[in-house]
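Tertiary structure, described
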Amino acid sequence: MGSGRFAAETWAKSAYFRNLTFYWQPATYWWWDSGAPTATDTACYSVSGPFFSQADAWHNWFYYGGPGKDVQGCK
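Quick caveat, the model's predicted, so the values are computed rather than measured. (Residues numbered from 1 in each chain as written. Predicted model: local features only at pLDDT ≥ 70, side-chain atom pairs only at ≥ 80, totals over all residues. Heavy atoms only, no water.)

**With respect to the pairing of strand β2 (residues 21–25)**
So the rule is basically this: One bridge is not enough; two strands pair if DSSP finds at least two bridges between them. Runs of E in the DSSP output that reach at least two residues are strands. Runs of H or I that reach at least four are helices, and both are numbered from the N terminus.
In this sheet, strand β3 (residues 28–31) lies alongside β2 in antiparallel orientation, the contact comprising 4 bridges. Following the sheet pairing, Phe 22 is matched in β3 by Trp 30. Hairpin remark: β2 followed by β3, antiparallel, with 2 residues in the connecting loop.

If you want it as structure tokens, here you go:
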């Protein structure tokens, strides 16, 4: 999933989502700021975050990924 690297490897290694935004109407939106992503099978995948910042380029983000079925113990 993603780059095939676990989330703990973070920037430049694992995949990530950033600046997640909910749009309700064309002029109504808000930054995702609650809840936490989860991995369904932690032997195969991992998630790290969410993280938050005031910087315009990185309001919110989380890392995710893993080798999936290629790792021993993955179902």
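Don't stop here, the text continues.
**Let's talk about unusual backbone geometry**
Where we set the bar: For every residue, the accessible area obtained with a 1.4 Å probe (protein chains only) is divided by the maximum for its type, and the residue is called buried under 20%, exposed over 50%, and partly exposed between those limits.
Omega for the peptide link from Gly 49 to Pro 50 comes to 10°, which places this bond in the cis form. With phi around 70°, Ala 12 is a residue other than glycine that occupies positive phi space. Looking at the element boundaries, Ala 12 is found in the segment before β1 (15–18). Using a relative accessible area of 66% as the deciding quantity, one classes Ala 12 as exposed. In this structure, Asn 19 is a non-glycine residue whose phi angle is positive, near 55°. Among the structural elements, Asn 19 can be located in the loop between β1 and β2.

**What about the pattern of salt bridges?**
Selection criterion: Salt bridge, as used here: a side-chain nitrogen of Lys or Arg that lies within 4 Å of a carboxyl oxygen of Asp or Glu.
Evaluated as defined, the whole model comprises 1 salt bridge. With a shortest N-O distance of 2.8 Å, Arg 5 and Glu 9 are connected by a salt bridge. For Glu 9, a relative accessible area of 31% corresponds to the partly exposed category.

Scope: geometric values only; no functional claims are made or implied.
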